[in-house]
Every structure is written in structure tokens, then in C-alpha cells.
Amino acid sequence: MRHVAIVGSGPAGYYTAEALQKKLGEDVRIDIIDRLPVPYGLIRFGVAPDHQSIKAVSRRYEGVALTENVRFVGNVTVGEHVSIAELQDLYDAVVLATGAPNDRPLEIPGGDLPGVIGSAAFVGWYNGHPDFADLDPPLDGPNAAIIGNGNVALDVARILSKTTEEFAGSDIVGHALAALETSAVRHITILGRRGPHQIAMTPKELGELGHLANAAPRLDPADFPPEGDDALLEPGMRKSVTHLRSFANDPVAKPKTIDFDFFAMPVAIEGDGRAERVVVEKTRLDEQLRSVGTGETYTIDASLIVTCIGYQTPPIEGVPYEHGRGRFANDSGRILPHLYCVGWARRGPTGTIGTNRPDGYEVADQIVGEAMGANRVGRSGLDTLLASRRANVVTFRDWQRIEAAEIGNAREGAPREKFTDIAAMMSAIGLPD
Ligand code: NAP
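This is a predicted model, so every value here is computed, not measured.

Trainee: What is the right way to look at the site of the ligand in this model?
Mentor: Surveying the vicinity of the ligand reveals 20 residues, the closest of which are Asn149, Arg193, Arg194, Glu205 and Gly351. A distance of 2.7 Å is found between an oxygen atom of the ligand and a side-chain nitrogen or oxygen belonging to Arg193. Between an oxygen atom of the ligand and a side-chain N or O atom of Arg194, the distance comes to 2.8 Å. In isolation the ligand exposes 920 Å². Once the protein is present, 79% of that is buried. Considering every element that reaches the shell around the ligand, the biggest residue donor is helix 7 (residues 151–161), with three residues. Of the residues that constitute the shell around the ligand, the class distribution is eight nonpolar, seven polar and five charged. Per-domain counts for the shell around the ligand show at least three residues from each of domain 1 (2–101 + 311–428) and domain 2 (105–196 + 256–307).

The structure is reproduced here in C-alpha cells:
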């Protein structure tokens, strides 16, 4: 019997469990450990609440979770209730599927002023992550800026722009819906340090900006390279750029505006005790298509500034880490003998949910090919440790009761109303937190 511990219950964790199950069948026991009492990581807390079809992939993970040889061990923090070294003693393999939950810092003067918020926090707030439920972002001013030209920037712009009616059918949490209902934000500027051909936005997500009830994108046609150059782009990127061109060429007037400022590098944030404006330096592209400052600056007013410039995996003491790339140092997912990483903890924060599937399968192959450790007892040893440390473990059945309570609490038309703090999740199943 092979015993495997997976730390993190997001897509990367569950795809790895699925792969191990397929390869080893009854010969494997897998414990998926999560610090929260609820599973699915990025699916629950990262994917936008108005993208329910993407969130539906959690049903596939549920299928894995409900098999006999996979356990969910929720409300258990690695580093607090159990260490990596202890897991290595108990299991034949330990897989870190801890994602990249920390924001890459925007290291410019004023980057720490109140009103400057990283996307992990802002997205966590509207998705009900317990760490960010109390964020209370400043929505009292008319101007907001979003830094970055990726899909997270699009998610944030869309969430700031939608009407209450447009959130029907979403599972945006009540506190965010209420705050957005009274939001004063009318003008959103998305700042990209390079040009329309260098965006990291995908076509479907960009297309959605063209169909908002109350908001419309505005772009300057002068920012685009000649149209013939689009033929050189790969097909997905070409579709994205086609959306951008149509926004630029056929502007629509709506009460809220989403301005795309290209070749615009934030160099400082200014304000009297809180963010009031972004100082932006115009850029140009060098031969390697990197952005280079031109020295010319301008300012845009913004009392809410959301940085959407990527994420980092938090380091774990004793686990080799690649600081420049914000992920564990690994060779195709292998960190050290019997210690692996998958998903964003392996690759850095890139790719779609589906990218994690081949990742998980590749690491599962390596685990299967590696000699087993000696005298690994697996889950019975973990249970003994956790009991001695008085951890209140949440099982998958417990989670299903939390989920049932969330579904019961849903406002009309919504799939669920998430609990946004751990105490409420635990009280729903009659356990102390
Ligand atoms: P991303 O795709 O890596 O985009 C980050 C953006 O930030 C880039 O435009 C980058 O510009 C810019 N940037 C980085 N550092 C900067 C700085 N110091 N100043 C100004 N701009 C800076 O990251 P993301 O948007 O966080 O998305 C993460 C992953 O999740 C991506 O794979 C994304 O596709 C995925 N995702 C998918 C969906 C969806 O499918 N619906 C939704 C959300 C996220 P440069 O290119 O110049 O570096």
C-alpha cells in the first residue's frame, strides 16, 4: 500500500489524487490536507463568482473525493498542526499543491498606501475567502485603476462594473454584492505596461467586456500596431486582439467606462494618507518586446487601485524555493526524493484550471515509479498526531453538510451563500473552530 499526502485541495491537488487513483487503484491511500474546512481552493476562492460554468469542475473533484481511498482532511494547517518533516515520515510521498495565494508586490513608492489592494485580497473579498472577508475596499470614489493586462485584471474590471441584476445566478458573497450595489466607481482604467499585442487576456473573457449592461471599454486606436501584424499572432491571441480592435473602432457610450491605457507603467502612487492618484510613465517596446520607460509621465486619479500582476507561492521552511519565480525549486514537479509539487506551486501562476491535469498525471507517474519509503503508516499516524494536537478535523462528509447549509442560505437565484468565516463554517457542523 502506498500512502500519499497532498497538501492543498485545489485543482492541482485533486487532479493529482485522480491520477494516483487511476494508476494505483486500491493500492493507494491519499490524504488531501487543507488549512480551511472547505475544499477546492482556487475554484471556490479564485474563479470569478459569475463564472459558474468554470466552477462546475468541482463536481469532478467530488467524484474523486467520495472514493474510499481518498480522504479530505480539512481545517488542518501544515506548519502548525503537522510539519512537512512529519508528513515525510508518515507518507511514501508528499505533494505540495499549495497554489500561489500571495500577491506579487508592486514595488513602487506609495505602493503600500491604503486603497492599494492586491488581487489576491480583492478577489478573495468578493469570493468570501475567510482571510479577506473584512477587506472593506474603498468604493467611495468615482475612479479606480487596475494594474496588469491579464485575465485577473479583466475579472476585477467586470466585477467592479456589473449591475446587481448581472450578478443573478452568481455566488458573489452578500457583503461584496451589498458594497458593489452602493459603489461610487464610474471610471476604471486598466494599465498595461506593454501594448495590445502583449496582453495576457483570453478571448472569451475579453468578449464579456463588450456585453456589460452599464459599462463599456474605451481604447485608443493609435495604440495598435498595423492591422496586418495581427496575422502573425497565434489564433487565441488574434481573437483577443480582434476584440480590442472592435472596442477601439466601435466605441459604445455607457454610464461606466473601462479605459485601457497601454504602454503605461505605474511608477508611483500618491495621496494624502490614502491612494488618490497613480503616476504613470509612458513606455515603448524594445527589441525583445520588453517595456522601456520614455521619461514622459502623466497621472490618473484613483482612490481604489487593484494590482493584478501575478502571484507567489509562500515558501515553506526547509523546502527548496526559487525566489525569482515565486515557486518551489523543482525538476518536473520533483523537489526532493518523496517530495513533489504540482500546479502553481510547481509552475508559477500561469495556465488555466485544465493545465493542472497533465501536471498532476506527470507527478503521479513519478510517485508510482519511485521506491516506497520504509515503514510508512500513512493516515493512521496522521490521525494520532492530529488528535494529540487537538485539531478539529473536517471530513468530506462534514464539508458536504457545510455545503448543504450554504445552499440553504442562498439568496433567490444564487447557487449558494458562502460562509465567510471559519467559525461559521465550523458551527454549521457543530464543531468548535
Ligand atoms: P498574468 O496573466 O500573468 O498577467 C499579469 C499581468 O501583469 C501581465 O500583463 C504583466 O505584464 C503585468 N505585470 C506584471 N508585473 C507588472 C508590474 N510590475 N507593473 C505592471 N504590470 C505588471 O496574471 P493574472 O492575470 O494574475 O492571471 C494568472 C493566471 O490565471 C493566468 O494564467 C490567467 O490566464 C489565469 N486566469 C484565468 C482566468 C480565466 O480563464 N477566466 C481568470 C483569471 C485568471 P507583462 O506581460 O508586461 O509582464
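Trainee: What is the right way to look at unusual backbone geometry in this model?
Mentor: With the exception of glycine, the majority of residues adopt a negative phi angle, and the majority of peptide bonds are in the trans configuration. We note that Phe263 has phi near 50°; this positive angle belongs to a residue other than glycine. Structurally, Phe263 can be placed in the loop between strand 10 (256–261) and strand 11 (264–270). Using a relative accessible area of 17% as the deciding quantity, one classes Phe263 as buried. A positive phi angle, near 55°, is found at Arg390, a position not held by glycine. Secondary-structure assignment places Arg390 in the loop between helix 13 (379–388) and helix 14 (396–408).

Trainee: Any chance you could explain the domain arrangement of the protein here in plain terms?
Mentor: Often, the extent of an interface is quoted as the loss of accessible area on bringing the components together. Here the protein is partitioned into domain 1 (2–101 + 311–428) and domain 2 (105–196 + 256–307). Computed over C-alpha atoms only, the centres of domain 1 and domain 2 are separated by 30 Å. Between domain 1 and domain 2, the contact holds 27 residues from the first and 25 residues from the second. Buried area between domain 1 and domain 2, summed over both chains or domains, comes out near 2,000 Å², and the portion from carbon and sulfur atoms is 51%. If you sort the residues of domain 1 by the area they bury against domain 2, Phe45, Pro49 and Thr420 come out on top, with a joint share of 29%.

Trainee: Looking at this model, I keep getting lost on the nonpolar core. Mind explaining?
Mentor: Generally speaking, soluble globular proteins have nonpolar side chains that are buried together. Of all hydrophobic cores here, the largest spans 45 residues; its most connected members are Leu160 and Phe260. When residues of this core are assigned to their parent elements, the largest contribution, six residues, is made by helix 7. Setting aside anything within four residues of it in sequence, one finds Phe260 in contact with Leu154, Ile190, Met201, Leu206, Leu209, Pro217, Arg218, Leu219 and Leu244. Of all hydrophobic cores here, the second largest spans 42 residues; its members include Ala12, Leu36, Tyr40 and Met426.

Trainee: Got a minute to help me understand the layout of surface pockets in this structure?
Mentor: Picture a little ball the size of a water molecule; that probe, rolled over the atoms, points out where space is still empty. Empty space within the second largest pocket amounts to approximately 260 Å³. Elements represented by at least two residues in the lining of the second largest pocket include exactly strand 3 (70–73), helix 13 and helix 14. Per-element tally for the lining of the second largest pocket: the top contributor is strand 3, with four residues. Tallied by class, residues from the lining of the second largest pocket come to seven nonpolar, two polar and five charged.

Here is what the cut-offs are and how they apply
- Residues numbered from 1 in each chain as written.
- Predicted model: local features only at pLDDT ≥ 70, side-chain atom pairs only at ≥ 80, totals over all residues.
- Heavy atoms only, no water.
- Near = heavy atom within 4 Å.
- Polar contact = N/O pair within 3.5 Å; in protein donor to acceptor, adjacent residues only side chain to side chain.
- Areas by Shrake-Rupley, 256 points an atom, 1.4 Å probe, with all protein chains shown as cover.
- Helix = DSSP H or I, 4+ residues; strand = E, 2+ residues; numbered from the N terminus.
- Nonpolar A, V, L, I, M, F, W, Y, C, P; charged D, E, K, R; others polar.
- Domains from an automatic or database assignment.
- Buried < 20%, exposed > 50% of the residue type's maximum accessible area, 1.4 Å probe, protein only.
- Contact = heavy atoms within 4.5 Å.
- Buried area = accessible area lost by both parts, 1.4 Å probe.
- Core = buried A, V, L, I, M, F, W, Y, C linked by side-chain atoms within 4.5 Å.
- 1 Å grid on protein atoms, 1.4 Å probe; cavity = no way out; pocket = protein on both sides within 12 Å on 5 of 7 lines; lining within 4 Å.
- Points joined across faces, edges and corners; volume = space filled by probe spheres on them.

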